[in-house]
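Spelled out, the chains give:
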Amino acid sequence: MNIESILSKIKLFEELVIDSGLKRDLVDYIGAIAQSQNRNLIFMKDISEKVKTYFFVIENNSLASELKHILKDSEPFTSLDIINQIDEINNDPVLTAEEYFQKFYALLEKLNLKIDENLNEIKVAEKIFTKYATSDNLVEGQAEQALVSLVFKDLQSTGSLKEFSKALNRWNRTLLIYHTLLKSKSPEEISLVEIQNGSIDVIFNIDFDIAIDLTELITFGLKAYGAYLLLKSKVAKEFLSTYIGNKKLLKLEEDREILMLDNIKESIKTKALEQHKRKLKEDKAIEKTGVEKKIDEISNVITDHIIKGNEIKLLNAHEEVTEDGEEKISVVLREETAIVRERFKQLDDANKQLLLDKFTIIDEEPENKIPASASVSLVPTK
């Protein structure tokens, strides 16, 4: 497995378990309910809901699958299925406060032990791989290159070699077009670093600046997608029920839904055009022909990718922070992906199919006339 990919997974564990406060709070919760005066159902159930909130975030960030890649000697703490176990305890109507305490306390103790085991193993791995990552960066001059990971989770893209090959070729062409939209300098060969199992994780090197802009572009599209999913949520439907059959209001909502659905792709097109115009001010030699067609093709591929539940990650832009000191764009991208994943779960089958019917790319253009210098290398880089 690629070293930067391993470090990215380790960082995710640290953010969601340590930096989030879960580990600290877990110890506090165990200490709190160990005191006899706190062993009442209201207090303990309140704590259980707080623990569940942490695990909803963990689940939506796919930490369980990431830990399977990096843990060899200990079982991931996510295997405890905490949310379901807590629900099982909370939904038992005959448990007394003392019985509830016994079950809940044992669960928290077991969880804390598992996290400690994972943390100890991860610390050892991080110490080793950080050293090698630093060495690699110095030797290979990675400052001008960024590692980007395309994560394919939908069976339509990965169910057969033919379809997977189409998806890779589509992204290969898209990255080339996107590069020409933002830079006059010809792109270097896009080297495939690694393909990982599980959900198929394709890791490759591209120009650093292009990777940053691509991350910004996809984050923008995810926000528009998340807004549409929020509109289709249960809460929004409950709000619509207050219209009580008012035809004008219902027509306005119908129109808004159509516009917000279209805006998933349109937002990406708008942002890509904005990026192109911004880069033109810095680099007058950027190709100006066929911009609208290029942007349309880019937006098609990105929209197809995200509405299927697939992801993209920026693995090694650790120092990238906004001028205002805001979160790293790689973190913002991950958080927006998690929001979309959570909201998508609430969508019914008919609306999921609507997204697929509207945005899935069906017909592939004839095998692309992509210059050899820009094609994906199927030989992993060293």
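What you see is a predicted model; the values in this text were computed from it and never measured. (Residues numbered from 1 in each chain as written. Predicted model: local features only at pLDDT ≥ 70, side-chain atom pairs only at ≥ 80, totals over all residues. Heavy atoms only, no water.)

What's the story with the environment of Asp-201 in this structure? I'm lost.
As for its placement among the helices and strands, Asp-201 is situated in strand S3 (residues 200–207). A relative accessible area of 7% means that Asp-201 is categorised as buried. Along the sequence, Asp-201 and Ser-5 sit 196 residues apart, while their C-alpha atoms lie 9.8 Å from each other. (Helix = DSSP H or I, 4+ residues; strand = E, 2+ residues; numbered from the N terminus. Buried < 20%, exposed > 50% of the residue type's maximum accessible area, 1.4 Å probe, protein only.)

Would you explain the packing of aromatic side chains in this entry?
Centre distance and the angle of the planes are the two values used to describe a pair of aromatic rings. Taken as a whole, this structure holds 5 aromatic pairs when the rule is applied. Centroid distance Phe-13 to Phe-77: 6.2 Å. Interplanar angle 70°. Geometry classified as edge-to-face. On the criterion of sequence distance, the pair formed by Phe-13 in helix H1 (residues 3–19) and Phe-77 in the loop between helix H4 (63–70) and helix H5 (82–90) is long-range, its members being 64 residues apart. Phe-77 sits in the buried class, given a relative accessible area of 0%. Ring geometry for Phe-55 and Phe-77: centres 5.8 Å apart, planes at 75°, overall edge-to-face. One end of the pair, Phe-55, is in helix H3 (residues 41–60); the other, Phe-77, is in the loop between H4 and H5, and 22 residues separate them in sequence. You can call Phe-55 buried: its relative accessible area is 5%. Counting every residue linked through ring pairs, the aromatic cluster contains Phe-13, Phe-55 and Phe-77. Its end group placed over the ring of Phe-220, Lys-271 keeps NZ or CZ at 5.0 Å from the ring centre. (Phe/Tyr/Trp six-rings, centres within 6.5 Å; stacked < 30°, edge-to-face > 60°. Lys NZ or Arg CZ within 6 Å of the ring centre and 35° of its normal.)

Is there a simple way to explain the environment of Leu-280 in this structure?
Within the secondary structure, Leu-280 sits in helix H11 (residues 247–282). Exposure remark for Leu-280: the relative accessible area of 17% places this residue in the buried category. Separated by 99 residues in sequence, Leu-280 and Leu-181 have C-alpha atoms that sit 9.0 Å apart. The contact partners of Leu-280, leaving out residues within four places of it in the chain, are Ile-286 and Lys-288. (Contact = heavy atoms within 4.5 Å.)

Remember, this is a structural readout, not a statement about activity or role.
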